[in-house]
Amino acid sequence: MKFIKGFTFGWDSRRGDFLKEEAKVSLRLMQERTASDTVIIAISALQETAHTTEVDYWGEHMVSDQELIGMIDYAKTLELRVILKPTVNCKDGTWRAHINFFDLDVPCEPKWSDWFKSYMAYQKHYANIAEQTGCEMLIVGCEMVQTERRAEEWRALIRDVKDVYHGLVSYNTDKYQEGQVRFWDAVDVISSSGYYPTGEWEQELDRIEKVVKAYDKPFFFAEAGCPSRTGSSQIPNDWGHVGDVNLEEQACFYEDMFLTAGKRDFVMGFGLWDWNTLLHTLDEAKKHDGYGVYGKPAERVIFDYYNKK
């Protein structure tokens, strides 16, 4: 697998956003300003709660199939590799890692079998789009920690997805969970979310490397990033952390991550989190405390690293 110099794009999108000219401008700027060669287009279906079984991927919270295909086609004109990442969130705000049901199907209670049936339909829908548009990879789930113990259902899902999609298939586990997933044998590429505190990357990479080598699969960080807030480099996964705007701390996070991960041959790239579909202005960058790097010092750190790879 070729090294992935990637950025996540589209997570903040709703119906119609990919049709806006600003979205195409944003994607082009992502490529130019970060030296990315890959875009991970992330979209999010919704279910009511962590304990309901219907996955809604047809509402206004989703970009339409037509506009998604159009954005993938546009990315191809920029000579970007495209990874499609359909995942799911809960309408009530519960993090998807807590989607969970009784281990045994119980009458009158929501069931794993019903949830996987609905989630399978969702994944196969986008697997068909990934096949049609020639996406280089499909990521069939993200940080769904409580579901991961259902290894046989995940293996079945991945088999069914591969019936319609013939590119690389990955699953994106959460930080610290790399050694807990039991269905890595079913995927082509192992991936995880690299939200590790500044100063702790060496020990975490030591741990991850053992997992990856045991399965003899390619590995990359399908997510990694840090908000530009004081204190965020120690809890980079916490988007709700309250702190003052701190552009330098964000840049230092990236420097530390690239310095340590760059020494490890098993790390085959990044899908950094994340590049907004509709950007803030450059003038607003110095007041922007989110994960975005547009117009911030971290943007130059990323460009320099990707440009040398």
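Being a predicted model, the structure only gives us computed values, none of them experimental.

Novice: Describe in detail the overall build of the protein chain, supporting the description with residues and values.
Specialist: Within the protein chain, the regular secondary structure consists of seven helices and eight strands. Against the globule reference of 19 Å for 309 residues, the protein chain gives a C-alpha radius of gyration of 19 Å, in line with a compact fold. Across its three principal axes, the protein chain shows a C-alpha extent of roughly 55 × 45 × 35 Å. Looking at the protein chain residue by residue over its 309 residues, the buried ones come to 58%. Excluding contacts between residues fewer than 6 apart, the proportion of contacts in the protein chain whose partners are at least 24 apart in sequence is 75%. Separation of charge centres in the protein chain, based on 36 positive and 51 negative side chains, amounts to 3 Å.

Novice: Please set out the nonpolar core residue by residue, giving values where relevant.
Specialist: Among soluble globular proteins, nonpolar side chains are generally buried collectively. By size, the foremost hydrophobic cluster in this structure holds 90 residues, and its most contacted members are Leu27, Leu68, Phe221, Tyr254, Phe270 and Leu272. Every residue in contact with Tyr254, bar those within four places of it in the chain, is listed here: Ala224, Gly225, Cys226, Leu272, Trp273, Val293, Ala298, Val301 and Ile302. Membership of the second largest hydrophobic core comes to eight residues, among which are Ile4, Ile83, Val189 and Ala222.

Novice: A description of the packing of aromatic side chains should follow, citing residues and the corresponding values.
Specialist: Here the structure, examined in full by the defined rule, presents 36 aromatic pairs. Between Phe258 and Tyr305, the ring centres sit 4.0 Å apart and the planes meet at 5°, which makes this aromatic pair stacked. Linking Phe258 in helix 6 (residues 247-261) with Tyr305 in helix 7 (residues 297-308), this pair joins segments that are 47 residues apart in sequence. Of note, Lys24 hangs over the ring of Tyr74, and the distance from its end group to the ring centre comes to 5.3 Å. The positively charged end of Lys309 is found above the aromatic ring belonging to Phe3, 4.5 Å away from the centroid.

Novice: Tell me about the packing of helix 1 (residues 21-34) against helix 2 (residues 65-77), residues and numbers included.
Specialist: Across the interface, helix 1 lies against helix 2 with an axial gap of 11 Å and an inter-helix angle of 35°. Seen along the crossing, helix 1 lies across helix 2 with a hand that is right-handed. Packed against helix 1, whose contacting residues are Ala23, Lys24, Leu27 and Arg28, the element helix 2 presents Met71, Tyr74 and Ala75 at the interface. Residues belonging to the contact of helix 1 with helix 2 are distributed by class as follows: five nonpolar, no polar and two charged.

Novice: Summarise the side chain of Arg229; cite the residues concerned and give the values.
Specialist: Counting through the fold element by element, Arg229 comes out in the loop between strand 7 (219-223) and helix 6. We classify Arg229 as buried; its relative accessible area is 10%. For Arg229, the side chain forms a polar contact with the main-chain oxygen of Trp239, separated by 2.6 Å. A polar contact of 2.7 Å, which involves the side chain of Arg229, links it to the backbone oxygen of His241. Every residue in contact with Arg229, bar those within four places of it in the chain, is listed here: Asp238, Trp239, Gly240, His241, Gly243, Asp244, Asn246, Glu249, Asp289 and Gly290.

Novice: Talk me through the sheet that holds strand 3 (residues 81-90); I want residue IDs and the actual numbers.
Specialist: Spatially, the eight strands close up into a barrel ordered 1-2-3-4-5-6-7-8, and their pairing is parallel. Neighbour to neighbour, the strand axes of the sheet diverge by 25° on average, direction disregarded. In this sheet, strand 2 (residues 38-47) lies alongside strand 1 (residues 4-9) in parallel orientation, the contact comprising four bridges. Pairing of Gly6 across the sheet is with Thr38, part of strand 2. Along the sheet, helix 2 contacts strand 1, strand 2 and strand 3; its crossing angle with strand 2, the most-contacted strand, is approximately 165°.

Calculation notes
Residues numbered from 1 in each chain as written. Predicted model: local features only at pLDDT ≥ 70, side-chain atom pairs only at ≥ 80, totals over all residues. Heavy atoms only, no water. Helix = DSSP H or I, 4+ residues; strand = E, 2+ residues; numbered from the N terminus. Rg over C-alpha atoms; globule rule 2.2 N^0.38 Å. Buried < 20%, exposed > 50% of the residue type's maximum accessible area, 1.4 Å probe, protein only. Contact = heavy atoms within 4.5 Å. Lys, Arg positive; Asp, Glu negative; His and termini not counted. Charge placed at Lys NZ, Arg CZ, Asp CG, Glu CD. Core = buried A, V, L, I, M, F, W, Y, C linked by side-chain atoms within 4.5 Å. Phe/Tyr/Trp six-rings, centres within 6.5 Å; stacked < 30°, edge-to-face > 60°. Lys NZ or Arg CZ within 6 Å of the ring centre and 35° of its normal. Axes fitted to C-alpha atoms, helices over the stretch in contact; angles between N-to-C directions. Left-handed = near helix turned anticlockwise from the far one by under 90°. Nonpolar A, V, L, I, M, F, W, Y, C, P; charged D, E, K, R; others polar. Polar contact = N/O pair within 3.5 Å; in protein donor to acceptor, adjacent residues only side chain to side chain. Pairing = 2+ DSSP bridges.

The quantities given are spatial measurements derived from coordinates; they are silent on function.
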